[in-house]
Amino acid sequence: MKVAIVGASGAVGQEFLRLLDERKFPMDELVLFGSERSAGRKYSFQGKELEVKLLQHNDDFRDIDIAFTSAGAGTSKEFAEDITKYGCVMIDNSSAFRMDDDVPLVVPECNAEDALKRPRGIIANPNCTTIMMVVVLQPLEQLSHIRRIHVASYQSASGAGAAAMQELQQQYREIVETGEVKTIKKFPHQLAYNVIPQIDVFQPNGYTKEEMKMFNETRKIMHTDARCSAMCVRVSSLRSHSESVWIETERPLSVEEAQQAIAKAPGCQLVDDPTTLTYPMPLDTAGKDDVFVGRVRKDLADDNGLTFWLSGDQIRKGAALNAVQIGEYLIRVNGLGRK
């Protein structure tokens, strides 16, 4: 078993390295690829020093079984044919192929079997906010069909990559040292001591691309007709995203049955005790694998409504971990196959 990471020097690429080691991913060899900027860098993995190779249009993927790619949509589109032409399965973390009809969009807790039908050899990893939400929606969908979803996200700097995390830290340093922020590159406005009600570019309907991802991806992953209206907001936490979610189901769900379903669901942890002020927060969920859920309660504006709060690590379950779990599933069910 030979595995590759494309975009090894980025925040998600580095998380791939940690997760493949932590989870003892079943492989014999790991190969790292990157851009001209990162080629030549060396990283330690399981006692060995691995050097990042330059990603090129050649036959470097001839003997590779799985490639975890996280180098941006443009790079994914440009190199997809090189990566997949000899049978390598490309598990792509970018937005390049998510809504293509012939590319499965997979969250293993929801639709792992979709990963077995991939005519182009590509499996898409969904958007981070969508991943975390559908992990929690799936056990509730099994209780009663979800008709509508409203969600407000509170997305940390990590969602914009390692450089964005560094920028937020730099902004706080500048405030302490000079009283004003001078570094604004990764975000449209100052993020320190602020929230920005925009993630990604605006679409003609007034929603952002990030918000439309939540609408479209949820329907594809869950094979549902549910409609999702989202407001995605960047907040000044460093790592882990959070979401307030309101759902309307076909029949009313009690708080107790919803809590029980969430507590038993794979990938979820119920952290919900208002009497002790216990609920999930980014400081506590950073570096963790599961999606943590609290504040489960009835929606006062909808008899068939339920609302809850969730928090999870965007770089782990929202990106690298979900992709690694897809790879683990393919190996477990012998679902790789080669040309």
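Located above this text is the structure these notes cover.
Source: prediction; values computed, not measured. (Residues numbered from 1 in each chain as written. Predicted model: local features only at pLDDT ≥ 70, side-chain atom pairs only at ≥ 80, totals over all residues. Heavy atoms only, no water.)

Caption draft 1: Quick look at the packing of aromatic side chains. A full pass over the atoms with the stated rule returns 5 aromatic pairs. Residues Tyr 154 and Trp 309 carry aromatic rings whose centres are separated by 5.3 Å and whose planes lie at 50 degrees to one another, so their mutual orientation is tilted. One end of the pair, Tyr 154, is in strand β9 (residues 146–155); the other, Trp 309, is in strand β14 (residues 305–312), with 155 residues separating them in the sequence. Overall, the relative accessible area of 31% leaves Tyr 154 in the partly exposed class. Ring centres 5.0 Å apart and planes at 90 degrees place the aromatic pair Tyr 172 and Tyr 193 in the edge-to-face group. One end of the pair, Tyr 172, is in helix α5 (residues 162–178); the other, Tyr 193, is in the loop between α5 and α6 (209–222), and 21 residues separate them in sequence. Residue classification places Tyr 193 among the exposed positions, given a relative accessible area of 63%. Members of the aromatic cluster, connected to one another through ring pairs, are Phe 16, Phe 25 and Phe 68. The aromatic ring of Tyr 86 is capped on one face by Arg 62, whose charged end is 4.3 Å from the ring centroid. (Phe/Tyr/Trp six-rings, centres within 6.5 Å; stacked < 30°, edge-to-face > 60°. Helix = DSSP H or I, 4+ residues; strand = E, 2+ residues; numbered from the N terminus. Buried < 20%, exposed > 50% of the residue type's maximum accessible area, 1.4 Å probe, protein only. Lys NZ or Arg CZ within 6 Å of the ring centre and 35° of its normal.)

Caption draft 2: Structural detail: the nonpolar core. In terms of nonpolar packing, the biggest core is built from 53 residues, with Phe 61, Ile 149, Ile 247 and Phe 308 touching the most fellow members. In terms of residues, this core owes the most to one element, helix α4 (residues 128–141), which gives 8 residues. Not counting residues within four places of it along the chain, the set of residues in contact with Phe 308 comprises Val 136, Leu 137, Leu 140, Glu 243, Ser 244, Val 245, Ile 247, Val 293, Gly 294, Arg 295 and Val 296. Formed by 43 residues, the second largest nonpolar core is a distinct cluster that contains Phe 45, Ala 112, Ala 319 and Ile 326. (Core = buried A, V, L, I, M, F, W, Y, C linked by side-chain atoms within 4.5 Å. Contact = heavy atoms within 4.5 Å.)

Caption draft 3: Quick peek at the pattern of salt bridges. Across all of its chains, the model carries 21 salt bridges by this definition. Arg 98 is the salt-bridge partner of Glu 217, the closest N and O atoms lying 3.5 Å from each other. Here Glu 217 is found in helix α6, whereas its partner Arg 98 is found in the loop between β7 (89–92) and α3 (108–111), with 119 residues between them in sequence. Using a relative accessible area of 2% as the deciding quantity, one classes Glu 217 as buried. Of the residues examined, Arg 98 reaches a relative accessible area of 6% and is grouped as buried. Of the charged contacts, one joins Glu 257 and Arg 251 as a salt bridge, the two residues approaching to 3.1 Å between their closest N and O atoms. (Salt bridge = Lys/Arg side-chain N within 4 Å of Asp/Glu carboxyl O.)

Caption draft 4: Highlighting the pairing of strand β2 (residues 29–34). Across the 6 residues that make up β2, a large majority, 5, are buried. In this structure, strand β1 (residues 2–6) lies alongside β2, joined through 5 bridges in parallel fashion. Residue pairing for β2: Val 3 is matched across the bridge by Leu 30. Examined bridge by bridge, β2 and strand β5 (residues 53–54) share 2 bridges and lie parallel to one another. When the bridges of β5 are listed, Phe 33 appears paired with Lys 53. (Pairing = 2+ DSSP bridges.)

Caption draft 5: Focus on unusual backbone geometry. Positive phi outside glycine occurs at Lys 24, with the angle close to 50 degrees. Examined against the element boundaries, Lys 24 turns out to sit in the loop between α1 (11–22) and β2. A residue is classified by how much of its surface remains accessible, and Lys 24, at 60% relative accessible area, is exposed. For Ser 240, which is not glycine, the phi dihedral falls at a positive 90 degrees. Considering the arrangement of structural elements, one finds Ser 240 in the loop between β10 (227–234) and β11 (241–249).

Caption draft 6: Examining the sheet that holds β5 more closely. Across the sheet, which stays open at both edges, the 6 strands sit in the order β5-β2-β1-β6-β7-β8 with parallel pairing between neighbours. Taken across any chain shown, the strands that pair with only one partner, and hence form the sheet edges, are β5 and β8 (122–124).

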